[in-house]
Amino acid sequence: MSQQQSFRIPTSSLTLEYPMSLGVYDRYEQAQRAVDFLSDNEFPVQNCVIVGTDLKQVERVTGRLTNGKVAAGGLASGLWMGLFVGLVLSLFGTGSTLAIIVSTMLFGAVFGLVFAMAGYLATRGRRDFTSVTQVVATRYEVLVEHKFAQQGRDLLATMTDTDPKV
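Residues numbered from 1 in each chain as written. Predicted model: local features only at pLDDT ≥ 70, side-chain atom pairs only at ≥ 80, totals over all residues. Heavy atoms only, no water.

## A few points about the nonpolar core
Inside soluble globular proteins, nonpolar side chains tend to come together where they are buried.
Here is step 1 of the chain: With 18 residues, the main nonpolar core has Leu-22, Tyr-25, Leu-38, Phe-43, Val-142, Val-144 and Leu-156 as its most contacted residues.
Here is step 2 of the chain: Looking at this core, the elements that each hand over two or more residues are β1 (19-25), α1 (28-40), β3 (129-145) and α4 (149-157).
Here is step 3 of the chain: Discounting chain neighbours no more than four positions away, the residues touching Tyr-25 are Gln-30, Ala-31, Ala-34, Arg-139, Tyr-140, Val-142 and Leu-156.
Here is step 4 of the chain: Counting five residues, the second-largest nonpolar core is a separate cluster that includes Val-70, Ala-71, Met-117 and Tyr-120. (Core = buried A, V, L, I, M, F, W, Y, C linked by side-chain atoms within 4.5 Å. Buried < 20%, exposed > 50% of the residue type's maximum accessible area, 1.4 Å probe, protein only. Helix = DSSP H or I, 4+ residues; strand = E, 2+ residues; numbered from the N terminus. Contact = heavy atoms within 4.5 Å.)

## Some words on the environment of Thr-130
Here is step 1 of the chain: Inspection of the secondary structure assignment puts Thr-130 in strand β3.
Here is step 2 of the chain: As for Thr-130 and Val-61, which are separated by 69 residues in sequence, their C-alpha atoms are 6.0 Å apart.
Here is step 3 of the chain: In terms of polar contacts, Thr-130 uses its side chain to reach the side chain of Thr-62, at 2.8 Å. (Polar contact = N/O pair within 3.5 Å; in protein donor to acceptor, adjacent residues only side chain to side chain.)

## Thoughts on the sheet that holds β3
Here is step 1 of the chain: Spatial ordering of the open sheet is given by β1-β3-β2, a layout of three strands whose pairing is antiparallel. In this open sheet, the two edge strands, each paired with only one partner strand, are β1 and β2 (48-64). Averaged over neighbouring strand pairs, the angle between their axes works out to 35° when direction is ignored.
Here is step 2 of the chain: Pairing between β1 and β3: six bridges, direction antiparallel. Bridge assignment links Pro-19 to a residue of β3, and that residue is Glu-145.
Here is step 3 of the chain: Taken strand by strand, α1 contacts β1, β2 and β3, and its axis lies near 150° from that of β2.
Here is step 4 of the chain: Contacting β1 and β3, α4 crosses the sheet at an angle of about 20° to β1. (Pairing = 2+ DSSP bridges. Axes fitted to C-alpha atoms, helices over the stretch in contact; angles between N-to-C directions.)

## Remarks on helix α3 (residues 97-122)
Here is step 1 of the chain: Over its 26 residues, α3 runs 37 Å from end to end, which matches the ideal 38 Å to within 8%, given 1.5 Å per residue.
Here is step 2 of the chain: Remark: Arg-124 follows α3 within two positions and exhibits a positive phi of approximately 55°. (Expected span 1.5 Å × (residues − 1).)

## With respect to the pattern of salt bridges
Working definition: two side chains of opposite charge can pair if their charged atoms are close together.
Here is step 1 of the chain: The tally for this structure, following the rule as stated, stands at four salt bridges.
Here is step 2 of the chain: Asp-36 serves as the salt-bridge partner of Arg-33, at 3.5 Å between the closest nitrogen and oxygen. Within this pair, Arg-33 and its partner Asp-36 are both found in helix α1, separated by three residues, close to a single helical turn.
Here is step 3 of the chain: Classification of Arg-33 as partly exposed rests on a relative accessible area of 23%.
Here is step 4 of the chain: For Asp-54, the salt bridge goes to Arg-139, with nearest N and O atoms at 2.7 Å. With Asp-54 in strand β2 and Arg-139 in strand β3, the pair connects residues that are 85 residues apart, well separated along the chain.
Here is step 5 of the chain: Its relative accessible area of 34% is what places Arg-139 among the partly exposed residues. (Salt bridge = Lys/Arg side-chain N within 4 Å of Asp/Glu carboxyl O.)

Right, dumping it as structure tokens:
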């Protein structure tokens, strides 16, 4: 006799079944303030989602990249990796702990330096700067389940402070 099992496919808690827009805001703090206002007025905010839209990538250049900076970064990275490997090996080794750690740190420093410089020289100067990249939203939309949309819009229409103090 075979038994039939029912499997429930988990759905993300970040999605709504039939979302409707309550408002679009230029800043996240404004969208957050709107949801906070709904919460203060006993609206079922567990049915709300704040969605960042119109995404853009922002790259902030943080400095110039030189042979010296690449060499120092590779050397430091190799030292740290060598220290880690040395600590692990010293747990299982029978020799001098200090000798194992120092030798793996030196070995790691040489390899870190060589590989960092090889990678940098392979770019042939096409990217001689360091940067930090971030994806940010330019607008924030508050969505709610369709069955609460009108109630939410009515409440937000009574909100007087639409620009929260940051």
